[in-house]
2 protein chains.
Amino acid sequence: MDDRSSGNEPRGRKRHRAGGRVTLSDVAREAGVAPITVSRALNTPQRVSDRVRARIDAAVETLGYVPNLIAGGLASAGTRVIPVIVPSLSILTFIEVVHGIQQTLERAGYQMLLASTDFDLDREAQLVNTVLGYSPSGVILTGLRHRPAVGERLREWGRPVVEIMEHGDNCIDMSVGVDGHALGRFMADYLVGRGYRRMLFAGSNMERDYRARQRWEGFRDQLATHALKADLLEYAEAASYRVGVEALDAALALPEPPDAIHFSNDILATGALLEAQRRGVKVPQQIAITGYLGLELGEFLNPSLTTLSVARTQMGVEAASMLLARLDGEQPEPVQRDIGYALIERGSA
Amino acid sequence: MDDRSSGNEPRGRKRHRAGGRVTLSDVAREAGVAPITVSRALNTPQRVSDRVRARIDAAVETLGYVPNLIAGGLASAGTRVIPVIVPSLSILTFIEVVHGIQQTLERAGYQMLLASTDFDLDREAQLVNTVLGYSPSGVILTGLRHRPAVGERLREWGRPVVEIMEHGDNCIDMSVGVDGHALGRFMADYLVGRGYRRMLFAGSNMERDYRARQRWEGFRDQLATHALKADLLEYAEAASYRVGVEALDAALALPEPPDAIHFSNDILATGALLEAQRRGVKVPQQIAITGYLGLELGEFLNPSLTTLSVARTQMGVEAASMLLARLDGEQPEPVQRDIGYALIERGSA
DNA sequence: CTGTTAGCGCCTTCAC
DNA sequence: GTGAAGGCGCTAACAG
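All figures in this text were calculated on a predicted structure; none of them were measured in a lab.

1. Examining helix α3 (residues 50-63) of chain B
Residue and element names in this part refer to chain B.
Then, in step 1: Over its 14 residues, α3 runs 20 Å from end to end, which matches the ideal 20 Å to within 8%, given 1.5 Å per residue.
Then, in step 2: Within the sequence span of α3, burial applies to Val52, Ile56, Ala59 and Val60. The arc enclosing the buried residues of α3, seen along the axis, measures out at 100°, which places them on a common side. The outward face of α3, more than 90 degrees from its buried face, is lined by the exposed residues Asp50, Arg51, Glu61 and Thr62.
Then, in step 3: Positive backbone phi, at 70°, marks glycine 64, one or two positions downstream of α3.

What follows is the structure, given as structure tokens:
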């Protein structure tokens, strides 16, 4: 006979009960049903009769039951948690995407576990491992480039994975992003079309942020098709207004100053624009300035900033939506989405 | 007899094994020890002999074992997850605090679960309930004002709780923040000391963001002690450069325009400053402008922006540190920390 | 539509 | 210092 049926008290074990929370069994007892019925009433209400469901709902209400998602996760694998892994939380771009993701997930009853890699792919691989330990329902990570182990593990894991920021054809499962090369090429053509000839690309943190480097490569390559050569001004540190200021000063101090500078983001471009203003350098007559991001601020600068805008919040919304759709059993098409970009033509170029 | 001892195969159940992950038992088998020994080797290495520990470490390595934190959490209550609940992810202030928290937590091997309330206290209460379902190791939430149920539940829960942003004497467990009234009073005194007399306070989203309202109240009350009256210009929408622009226009259109405007944040103040520049309004001669936040951008505006700075990232770091210290069994003193503020005196006032 | 049974992976208690 | 047994709270599989 199963020893549980012997009437003995459980030898004085009195286990921890996390803060004495109400459990599903408590609800079942209150409602006079089996625990599994409560589980069903909560997760698949249509499979429980109206009368029983009403009793259960009432019991949930009176006891103040809140599901222990950890237990649910252990039993069913799937904790309604979505880890989101980004390179940095101090860069506006990622913040905005994260915002879109968070809004969308939360609305659907999922929670976001946010982690940052500091642009380190090894750290990313390690983080992926760690977060899989939480039995998440899906994963969102940044970029299409990862350590080989990441793709392998995620693929065999079998749950939905969305890669954001980058557009290409080698994603693990699904992706939403932009084509950095295309962005660079577009801007090169635009500036050439406006009559500029001596082009400078100024970027920061490009050693680590390979997506900024892709924009530079696209820019450079497209200029080459016009038989123009572009220079690169690179700063190791993270983007800041100060770096933008320095970049403008450096550009103007060149033996042959450029007639246009394209910055790898609006923060740098803004710093440069404000410095030009301070120094009395005419923009765009003496030097044109363009950015990348489409920040609201650019609209109010004098002159206003011409910039290439990417719908970052929307990117986050779409990433989360694709993931949720997959969790709902749908197969969203296409699996690799190019979010595109839009030129905001203003006064600085 | 316990039916498990009958040699039958488990009737073909083949349960889900989340992606066939290596479990602690697998490691135990590989190392030739009991599962519990592996558990100890991982959690309390000093309680396992060196030889056995070495074997276990090797097994962990070869199998690529990654702990299932969900299971650990269920068994021991404590998942190394810290939910962080903030009002909004589109407001810079919170982003920066979150950044500080995240860095600190991640460094200590904890993960951040990020949720936002949209400034809704009912939503906050609901979120607290939900995240407690993840058996977190602690909780960080925003502000000192909550629904009564939140404080009760969190207190009886018994794990560390840190409230951020606000300083006061009625926290649930621990807190780090600033005293909004003091901030407002300080700025009032400063502007009075600089000779300004007709003061306007311009803010956005103050209906929902009561901390901005506290700054206004402090500002107003302190001016009253100087026998000065302050006006309030309030916008319902969220802060943006555009609102700053509108606020300046509105202020200048007043029958008796103010000689100084204190904005509830640097975004608004920046918009106003840029608009003043565009219109050729002299700052601070014709009108003084001050902000709150201490954004880097203010340094590069023309004129540069005088602003009250709060060490937001540092606040996040301290919040997380306090929490971690408590988890390590320490009792950090003091439990209610005032992070303070600093005036950045620049050209706009 | 509802209940029984077993177990997710780990850790706590107790025993040696 | 190591191991055996049981259970954390929930749900999948099977049975009625």
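2. Some thoughts on the nonpolar core
Then, in step 1: With 161 residues, the main nonpolar core has Phe219 of chain A together with Phe219 of chain B as its most contacted residues.
Then, in step 2: Ignoring anything within four residues of it in the chain, the contact list for phenylalanine 219 of chain A reads Gly184, Arg185, Met187, Ala188, Leu191, Met199, Phe201, Ala230 and His262 of chain A.
Then, in step 3: Core analysis: the second largest hydrophobic core is formed by 38 residues, Ala115, Tyr134 and Trp157 of chain A together with Leu141 of chain B among them.

3. Section: the protein's contact with DNA strand D
Then, in step 1: Leu24, Ser39 and Tyr65 of chain A together with Thr37 and Arg40 of chain B are the nearest of the 31 residues found near DNA strand D.
Then, in step 2: Those atoms of DNA strand D that come within 4 Å of the protein belong to sugar or phosphate at a rate of 70%.
Then, in step 3: In this structure, serine 39 of chain A approaches DNA strand D through a side-chain N or O atom, which is 2.5 Å from a phosphate oxygen.
Then, in step 4: With respect to DNA strand D, the backbone of asparagine 68 of chain A contributes an N or O atom lying 3.3 Å from a phosphate oxygen.
Then, in step 5: Sorting the residues of the surface near DNA strand D by element identifies α1 (24-31), α2 (35-43) and α4 (69-76) of chain A together with α2 (35-43) and α4 (69-76) of chain B as the ones contributing at least two each.
Then, in step 6: Per element, the largest residue contribution to the surface near DNA strand D is five residues, and it comes from α4 of chain A.
Then, in step 7: Taken together, the residues of the surface near DNA strand D sort by class into 14 nonpolar, nine polar and eight charged.

4. Quick look at the interface of chain B and chain A
Then, in step 1: Between chain B and chain A, the contact holds 57 residues from the first and 58 residues from the second.
Then, in step 2: Looking at the side of chain B facing chain A, the largest losses of area belong to Ile70, Tyr134 and Phe300 of chain B, adding up to 13% of the total buried there.
Then, in step 3: Our count for the contact surface shared by chain B and chain A stands at four salt bridges.
Then, in step 4: On the surface where chain B and chain A come into contact, there are 27 residue pairs in polar contact (both at pLDDT 80 or more).
Then, in step 5: Secondary-structure elements contributing two or more residues to the side of chain B that touches chain A are α4, α5 (92-107), β2 (111-116), α6 (121-132), α10 (241-252) and α11 (266-279) of chain B.
Then, in step 6: Split by residue class, the side of chain B that touches chain A holds 27 nonpolar, 19 polar and eleven charged.
Then, in step 7: Pairing of strand β2 (residues 111-116) of chain A with β2 of chain B involves three bridges; the strand directions are antiparallel. Across the sheet, the residue bridging to methionine 112 of chain A is leucine 114 of chain B, located in β2 of chain B.

5. Quick word on the side chain of glutamine 102 of chain A
Then, in step 1: Looking at the secondary structure, you find glutamine 102 of chain A in helix α5 (residues 92-107).
Then, in step 2: Apart from the residues lying within four places of it in its own chain, the contact partners of glutamine 102 of chain A are Met112 of chain A together with Leu89, Leu114, Ala115 and Ser116 of chain B.

6. Observations regarding the sheet that holds strand β10 (residues 306-309) of chain A
All names here are of chain A.
Then, in step 1: Read across the sheet, six strands follow the order β7-β6-β8-β9-β10-β12 without closing on themselves; strand pairing throughout is mixed. On the outer flanks of this sheet lie β7 (230-235) and β12 (342-344), each paired with one strand and no other. Across the sheet, the mean angle from the axis of one strand to that of its neighbour is 20°, orientation sign disregarded.
Then, in step 2: Sheet topology places β10 next to β12; three bridges connect them, and they run antiparallel. Of the residues in β12, the one forming a bridge with leucine 308 is leucine 343.
Then, in step 3: Relative to the sheet, helix α9 (residues 210-225) contacts β6 (199-204), β7, β8 (260-263) and β9 (288-293), its axis offset from that of β7 by approximately 165°.

7. A short note on the relation of the copies chain B and chain A
Then, in step 1: When chain B is fitted to chain A, the best match, at an RMSD of 0.2 Å, comes from turning it 180° and sliding it 0.0 Å along the axis. Taken together, the turn and the small shift mark the pair as related by a two-fold rotation axis.
Then, in step 2: Most of the interface of chain B is mirrored in chain A: 98% of its interface residues are interface residues there too.

8. Describing the environment of glutamine 285 of chain A
Residues and elements named next belong to chain A.
Then, in step 1: Turning to its location among the elements, glutamine 285 is positioned in the loop between α11 (266-279) and β9.
Then, in step 2: What makes glutamine 285 exposed here is its relative accessible area of 63%.
Then, in step 3: Each C-alpha atom of the pair glutamine 285 and leucine 308 lies 20 Å from the other, and the pair is 23 residues apart in sequence.

9. Topic: the confidence of the model for chain A
Then, in step 1: Taken as a whole, chain A shows an average pLDDT of 91; of its residues, 94% reach a score of 70 or greater.
Then, in step 2: A low-confidence stretch, residues 1-18 of chain A (pLDDT under 50), is modelled with nine contacts involving residues beyond four sequence positions or located in other chains.

10. Here we look at the environment of leucine 63 of chain A
All names here are of chain A.
Then, in step 1: Checked against the element boundaries, leucine 63 lands in helix α3 (residues 50-63).
Then, in step 2: You can call leucine 63 partly exposed: its relative accessible area is 29%.
Then, in step 3: Separated by 162 residues in the primary sequence, leucine 63 and threonine 225 place their C-alpha atoms 71 Å from one another.
Then, in step 4: Those residues within four positions of leucine 63 in sequence are excluded, and the remaining contacts are Val22, Asp26, Val27 and Glu30.

11. Quick look at the packing of helix α1 (residues 24-31) of chain B against α2 of chain B
Residues and elements named next belong to chain B.
Then, in step 1: Axis separation between α1 and α2 bottoms out at 8 Å; the angle between their running directions is 100°. Considered as vectors, α1 and α2 are oriented roughly perpendicular to each other. Between α1 and α2, the residues in contact are Leu24, Ser25, Val27 and Ala28 and Pro35, Val38 and Ser39, respectively.

12. Details of the UniProt feature "domain: HTH lacI-type" (unreviewed entry) in chain A
Then, in step 1: Taken from the UniProt record, the annotation "domain: HTH lacI-type" (unreviewed entry) applies to residues 22-76 of chain A.
Then, in step 2: Between the C-alpha atoms that bound residues 22-76 of chain A there is a distance of 20 Å. The span itself is 71% helix and 0% strand.

13. Thoughts on the domain arrangement of chain A
Then, in step 1: Domain annotation of chain A identifies domain 1 (22-65) and domain 2 (180-311).
Then, in step 2: Here domain 1 of chain A and domain 2 of chain A have C-alpha centroids that lie 61 Å from each other.

14. A word on the sheet that holds strand β3 (residues 139-142) of chain B
Then, in step 1: With mixed pairing, twelve strands are arranged side by side in an open sheet as β11(A)-β5(A)-β4(A)-β3(A)-β1(A)-β2(A)-β2(B)-β1(B)-β3(B)-β4(B)-β5(B)-β11(B). Every other strand in the sheet has two partners, leaving β11 (336-338) of chain A together with β11 (336-338) of chain B as the edge strands with one partner each. Along the sheet, successive strands turn relative to each other by an average axial angle of 20°, direction set aside.
Then, in step 2: Across two bridges, the pairing between strand β1 (residues 81-86) of chain A and strand β3 (residues 139-142) of chain A is parallel. Across the sheet, valine 84 of chain A pairs through a bridge with isoleucine 140 of chain A, a residue of β3 of chain A.
Then, in step 3: Helix-sheet contacts for helix α12 (residues 312-327) of chain B involve β1 (81-86), β3, β4 (161-166), β5 (174-178) and β11 of chain B, and the interaxial angle to β5 of chain B is about 170°.

15. Some thoughts on the packing of aromatic side chains
Residue and element names in this part refer to chain A.
Then, in step 1: For the structure on display, the rule yields eight aromatic pairs over all chains.
Then, in step 2: Seen from their ring centres, phenylalanine 186 and tyrosine 341 are 5.2 Å apart, and the 65° between their planes marks the pair as edge-to-face. Within this pair, whereas phenylalanine 186 is found in helix α8 (residues 180-193), its partner tyrosine 341 is found in the loop between β11 and β12, the two being separated by 155 residues in sequence.
Then, in step 3: A relative accessible area of 30% places phenylalanine 186 in the partly exposed class.
Then, in step 4: Overall, the relative accessible area of 36% leaves tyrosine 341 in the partly exposed class.

Conventions used here
- Residues numbered from 1 in each chain as written.
- Chains lettered and ligands numbered in written order.
- Predicted model: local features only at pLDDT ≥ 70, side-chain atom pairs only at ≥ 80, totals over all residues.
- Heavy atoms only, no water.
- Helix = DSSP H or I, 4+ residues; strand = E, 2+ residues; numbered from the N terminus.
- Expected span 1.5 Å × (residues − 1).
- Buried < 20%, exposed > 50% of the residue type's maximum accessible area, 1.4 Å probe, protein only.
- Arc of directions from axis to C-beta.
- Core = buried A, V, L, I, M, F, W, Y, C linked by side-chain atoms within 4.5 Å.
- Contact = heavy atoms within 4.5 Å.
- Near = heavy atom within 4 Å.
- Polar contact = N/O pair within 3.5 Å; in protein donor to acceptor, adjacent residues only side chain to side chain.
- Nonpolar A, V, L, I, M, F, W, Y, C, P; charged D, E, K, R; others polar.
- Buried area = accessible area lost by both parts, 1.4 Å probe.
- Salt bridge = Lys/Arg side-chain N within 4 Å of Asp/Glu carboxyl O.
- Pairing = 2+ DSSP bridges.
- Axes fitted to C-alpha atoms, helices over the stretch in contact; angles between N-to-C directions.
- Least-squares fit on C-alpha atoms with pLDDT ≥ 70 in both.
- pLDDT = per-residue confidence, 0-100.
- Parallel < 35°, antiparallel > 145°, perpendicular 65-115°, else oblique.
- UniProt positions renumbered as here; feature names shortened; annotations may be inferred.
- Domains from an automatic or database assignment.
- Phe/Tyr/Trp six-rings, centres within 6.5 Å; stacked < 30°, edge-to-face > 60°.

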